Number of protein chains: 2
Amino acid sequence: MSLPRTMRRMSERRASDDSRNTLPAARSPRERRVSSQIQREVTQLILDRRLRAGAPLPTEAELMESLGVSRNSVREALKALQALDIVEIRHGYGTYVGQASLTPFVDGLTFRTLARQADDTDDTGALAEILQVREVLEEGLMRRVAGELSDGELARLEAVVDRMEEAGLAGRPFPELDREFHELLYAPLGNALVPQLLGAFWTVFRRVSGVRGWTDDPAPAVTVRRHRDIVVALRAHDVEGAQQAMADHFRGIEARAAQESRGVG
Amino acid sequence: MSLPRTMRRMSERRASDDSRNTLPAARSPRERRVSSQIQREVTQLILDRRLRAGAPLPTEAELMESLGVSRNSVREALKALQALDIVEIRHGYGTYVGQASLTPFVDGLTFRTLARQADDTDDTGALAEILQVREVLEEGLMRRVAGELSDGELARLEAVVDRMEEAGLAGRPFPELDREFHELLYAPLGNALVPQLLGAFWTVFRRVSGVRGWTDDPAPAVTVRRHRDIVVALRAHDVEGAQQAMADHFRGIEARAAQESRGVG
DNA sequence: TCACATTTGTCCGTATGTATG
DNA sequence: TCATACATACGGACAAATGTG
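Remember, it's a predicted structure, so these values are computed and weren't measured experimentally.

Draft legend 1. Geometry of the overall build of chain A. Along the backbone of chain A there are eleven helices and two strands. When the 265 residues of chain A are sorted by exposure, 47% land in the buried category. Excluding contacts between residues fewer than 6 apart, the proportion of contacts in chain A whose partners are at least 24 apart in sequence is 69%.

What follows is the structure, encoded as structure tokens:
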């Protein structure tokens, strides 16, 4: 295989393997840690070659060879990139370009929230901050999308609410439907980052709630009603009304979060 | 040192070192990869002990000992956690609890944007998406904060704009002042996540712009004016006007991004 | 300034688990 | 079932960075 020019630099500064223990390695002052350098090299390799998610990357042995570094350094670099979802490692199969999803953002935000909940004076501070950001975002998104929704999209939204009601009456929780509703609502924007960001906040909220053993929505009927109010307002082209319904929806979530954190938790 | 209960599990399932090459390791079916398990253990250790950012963590040798795993596995796990800014590793000194900042979010978003810019049909698609999210967020934040700003805070905002004007007239770019303005603007909310999120978007935008070799704001005078318009509107308690000024500000950024991506870039 | 101990960084060699064909 | 290719994990050794006496 032939690697691009950027992949050759590190091997050049290590001409003979025999000199490893005799010379001071002669490392360029710019590149401090081998592992960090490998991270940059692999990332650059993906960008230079315009590799898409799922495309195969060089094996560990090939990276060792072309970069002139040990397996350990390669593995540590790949582990770090895996944590960022920049690469995906499949045991016994190979290494591939990752999805570059917001998974690391979710992981980091979850850790943050759990770590700072019992900390100092803040109680539900971290979680409330996430909720506020999500609310502000959705409020603004709603204003943008209110006039753009077609009848077909409104019908699909209503169908989701119907399924919510059905699930609620059957006593089944419907977190996925809630998520689907908000995702569908902002689809007309054509912004792929929006549903991912909202999904990230949603996942963090659920994970933190799960750790604390909260129940799944104590009042599903109310939740269904909030969503239906949104659709009704949107059908009537009532931007303010839709925004108000969304605000009411969030007020319910906040109340629940505040209540449960003080309660049995 | 004494480690909490959660740190003991892995060593228990490896009673004798001699059996390493004779028995099939007898690993619990739940926990597939040793490295991933160590990540969870260390994260849980931080949460259980309520360690704050900067607090010292067990050394690699101590983790090997208490978890009954090899140094390589410990290092790979710590490298992954370092990428998420959950731990911080200092060469020759020790390992510490990280800041849990949005650095991994910035890294991931930057990679995403660079990887998808020359991809397929989308040109400035990814960057435009980030700008739109930031605009929607700031629009909503502005509405919330408009009535809450004190005279002192408005004066500080105006002082930042004055420094912008000064820098602009001197021909110096003022990206940091721009950032400071937006940070100061939403300070009354008391939401620590807000400035970090906006800062993340801001950093991604600058990094991507830097890679493409864009210039620093071709029309600084206009940028200064936009910011002053915001302060003036806020002073007059004109929420709509402030929002409009903010929208104009973003329209300028978008135009610049679209223009430069088609130009010499 | 100079050792010195401690801790992380990198390397090597080997054995094992896992997926594909 | 078998063989191959690959990632996973182990142990030991030395290099490099940092803090301390």
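Draft legend 2. Highlighting helix 7 (residues 151-169) of chain B. All names here are of chain B. Taking 1.5 Å as the rise per residue, helix 7 with 19 residues should run 27 Å; its terminal C-alpha atoms sit 27 Å apart, in good agreement. Residues of helix 7 that are buried include every one of Glu153, Leu154, Leu157, Val160, Val161, Met164 and Ala167, and no others. Taken around the axis of helix 7, the buried residues stretch over an arc of 140°, which confines them to a single face. In helix 7, the exposed residues that point more than 90 degrees away from the buried face are Asp151, Glu166 and Leu169. On its buried side, helix 7 packs onto helix 8 (175-185) and helix 10 (220-235). Positive backbone phi, at 80°, marks Gly171, one or two positions downstream of helix 7.

Draft legend 3. Layout of unusual backbone geometry. Non-glycine residue Ala100(A) carries a positive phi angle of around 50°. In this fold, Ala100(A) is placed in the loop between strand 2 (94-97) and helix 5 (103-117). In this structure, Arg50(B) is a non-glycine residue whose phi angle is positive, near 55°. By relative accessible area, which is 54% here, Arg50(B) ends up exposed.

Draft legend 4. Region of the structure containing the protein's contact with DNA strand D. Taken together, 24 residues lie around DNA strand D, and Val34(B), Ser70(B), Asn72(B), Ser73(B) and Tyr93(B) are the ones closest in. Among atoms of DNA strand D positioned within 4 Å of the protein, sugar and phosphate together represent 78%. Within the side chain of Arg71(B), a nitrogen or oxygen atom sits 3.4 Å from a base nitrogen of DNA strand D. Interatomic distance of 3.2 Å between a side-chain N/O atom of His91(B) and a base nitrogen of DNA strand D. Mapped by element, the contributors of at least two residues to the surface near DNA strand D are strand 1 (87-90) and strand 2 of chain A together with helix 2 (34-49) and helix 4 (71-83) of chain B. With three residues, the single largest contributor to the surface near DNA strand D is helix 4 of chain B. Partitioned by chemical class, the residues of the surface near DNA strand D number six nonpolar, eleven polar and seven charged.

Draft legend 5. Examining the packing of helix 5 (residues 103-117) of chain B against helix 9 (residues 193-211) of chain B more closely. Residue and element names in this part refer to chain B. Axis separation between helix 5 and helix 9 bottoms out at 9 Å; the angle between their running directions is 40°. The pairing of helix 5 with helix 9 is recorded here as oblique in orientation. As helix 5 packs across helix 9, the resulting crossing turns out to be right-handed. Facing helix 5, whose interface residues are Phe105, Val106, Asp107, Leu109, Thr110, Thr113, Leu114 and Gln117, helix 9 presents Leu197, Ala200, Phe201, Thr203, Val204, Arg207, Val208 and Val211. Classifying every residue of the contact of helix 5 with helix 9 gives ten nonpolar, four polar and two charged.

Draft legend 6. Fine view of the interface of chain A and chain B. Listed by partner, the interface residues are 53 residues for chain A and 53 residues for chain B. Summing the contributions of chain A and of chain B, the shared interface buries around 4,800 Å²; its carbon and sulfur component is 60%. When the area that chain A buries against chain B is broken down by residue, the three leading residues are Glu76(A), Phe111(A) and Arg144(A), summing to 14%. Our enumeration of links across chain A and chain B arrives at eight salt bridges. A salt bridge links Glu76(A) to Arg75(B), with the shortest nitrogen-to-oxygen separation between them at 2.8 Å. Applying the counting rule to chain A against chain B returns 19 residue pairs in polar contact (both at pLDDT 80 or more).

Draft legend 7. How the structure looks around the protein's contact with DNA strand C. Taken together, 25 residues surround DNA strand C, and among them Val34(A), Asn72(A), Ser73(A), Arg71(B) and Arg75(B) come closest. A breakdown of the atoms of DNA strand C within 4 Å of the protein gives sugar and phosphate a share of 68%. A distance of 2.9 Å separates a phosphate oxygen of DNA strand C from a polar side-chain atom of Ser70(A). The separation between a phosphate oxygen of DNA strand C and a polar side-chain atom of Arg75(B) is 2.7 Å. When residues of the surface near DNA strand C are traced back to their parent elements, those giving at least two are helix 2 (34-49) and helix 4 (71-83) of chain A together with helix 4, strand 1 (87-90) and strand 2 (94-97) of chain B.

Draft legend 8. Quick look at the relation of the copies chain A and chain B. Under the fitted operation, chain A is carried onto chain B by 0.0 Å of movement along the axis and a turn of 180°, and the coordinates agree to an RMSD of 0.1 Å. The relationship between the two copies is best expressed as a two-fold rotation axis. Ranked by how close their C-alpha atoms come to the rotation axis, the residues of chain A are headed by Ala80(A), at 2.1 Å. Of the residues that chain A buries at the interface, 100% are likewise interface residues in chain B, meaning the two copies contact each other through the same surface.

Draft legend 9. Structural context of the packing of aromatic side chains. Residues and elements named next belong to chain A. Inspection of every chain in the model, using the stated rule, returns five aromatic pairs over all chains. For the pair Phe105 and Phe201, a centre-to-centre distance of 6.1 Å together with 70° between the ring planes defines the contact as edge-to-face. With Phe105 in helix 5 and Phe201 in helix 9 (residues 193-211), the pair connects residues that are 96 residues apart, well separated along the chain. The burial state of Phe105 is the same as that of Phe201; both residues are buried.

Draft legend 10. Main features of the confidence of the model for chain A. When the pLDDT values of chain A are averaged, the result is 84; 83% of them are 70 or greater. Across residues 1-26 of chain A, where pLDDT falls below 50, the model places 36 contacts with residues more than four positions away in sequence or in other chains.

Draft legend 11. How the structure looks around the packing of helix 3 (residues 60-67) of chain A against helix 4 of chain A. Residues and elements named next belong to chain A. Where helix 3 meets helix 4, the axes come as close as 9 Å, and the angle between the chain directions of the two elements is 115°. Relative to helix 4, helix 3 is oriented so that their crossing is right-handed. Of helix 4, the residues touching helix 3 (which contributes Glu60, Ala61, Leu63 and Met64) are Arg71, Val74, Arg75 and Leu78.

Draft legend 12. Just the environment of Asp107(B), in detail. One can find Asp107(B) in helix 5. Asp107(B) sits 27 residues away from Arg134(B) along the chain, and the two C-alpha atoms are 17 Å apart. When sequence neighbours within four positions are dropped, the list of residues in contact with Asp107(B) reads Leu84(A) and Arg207(B).

Draft legend 13. Quick look at the side chain of Asp178(A). Residue and element names in this part refer to chain A. Turning to its location among the elements, Asp178 is positioned in helix 8 (residues 175-185). Buried within the structure, Asp178 lacks any salt-bridge partner; its nearest side chain of opposite charge belongs to Arg134, at an N-O separation of 4.9 Å. Within the local environment of Asp178, its side chain forms a polar contact with the side chain of His227, the two groups lying 3.2 Å apart. With near-sequence residues (within four places) excluded, Asp178 lies in contact with Met164, Thr223, His227 and His249.

Rules behind the numbers
Position numbers for residues start from 1 in each chain and track the written sequence from start to end. Whichever chain is written first becomes A and whichever ligand is written first becomes 1, with later ones labelled in order. Restriction of local features to residues with pLDDT of at least 70 applies here, the model being predicted, together with a cutoff of 80 or more for giving and counting side-chain atom pairs; totals for whole chains, interfaces and linings are based on all residues. Each side-chain value is worked out from all heavy atoms of the structure, with water and hydrogens disregarded. In this text, helices come from DSSP runs of H or I with a minimum length of four residues, and strands from runs of E with a minimum of two, each type numbered from the N-terminal end. Classification of residues uses two cut-offs on accessible area relative to the type maximum, computed with a 1.4 Å probe and protein chains only: under 20% is buried, over 50% is exposed, and between them is partly exposed. Should any heavy atoms of two residues lie within 4.5 Å, those residues are counted as being in contact. A helix is expected to reach a length of 1.5 Å times the quantity of its residues less one. Read the arc as the range of directions from the helix axis to the C-beta atoms. Proximity is defined per residue: if any heavy atom of the residue lies within 4 Å of a molecule or strand, that residue is considered near it. Polar contact criterion, stated in full: a pair of N or O atoms within 3.5 Å, where within protein one must be able to donate a hydrogen and the other to accept it, and residues adjacent in sequence count only if both atoms are side-chain atoms. Classification used: nonpolar for Ala, Val, Leu, Ile, Met, Phe, Trp, Tyr, Cys and Pro, charged for Asp, Glu, Lys and Arg, polar for all others including Gly. In this description, a line fitted to the C-alpha atoms serves as the axis of each element, helices being fitted only across the stretch in contact, and the angle between N-to-C directions of two axes falls anywhere from 0 to 180 degrees. Our angle categories are set so that under 35 degrees counts as roughly parallel, over 145 as roughly antiparallel, 65 to 115 as roughly perpendicular, and the remainder as oblique. With the far helix as reference, a near helix turned anticlockwise by less than a right angle produces a left-handed crossing, and one turned clockwise produces a right-handed crossing. By buried area we mean how much accessible surface two parts lose on assembly, using a 1.4 Å probe and totalling the loss over both. When a carboxyl oxygen of Asp or Glu is within 4 Å of a side-chain nitrogen of Lys or Arg, the pair counts as a salt bridge. For this overlay, a least-squares fit was computed on C-alpha atoms, restricted to residues scoring pLDDT of at least 70 in both copies. Between rings of Phe, Tyr and Trp, where Trp is taken as its six-membered ring, a pair exists when centres lie within 6.5 Å; planes separated by under 30 degrees are stacked, by over 60 edge-to-face, and by other angles tilted. What pLDDT conveys is the predictor's confidence in a given residue, as a value from 0 to 100. This count recognises Lys and Arg as positive and Asp and Glu as negative, with His and chain-terminal groups excluded.

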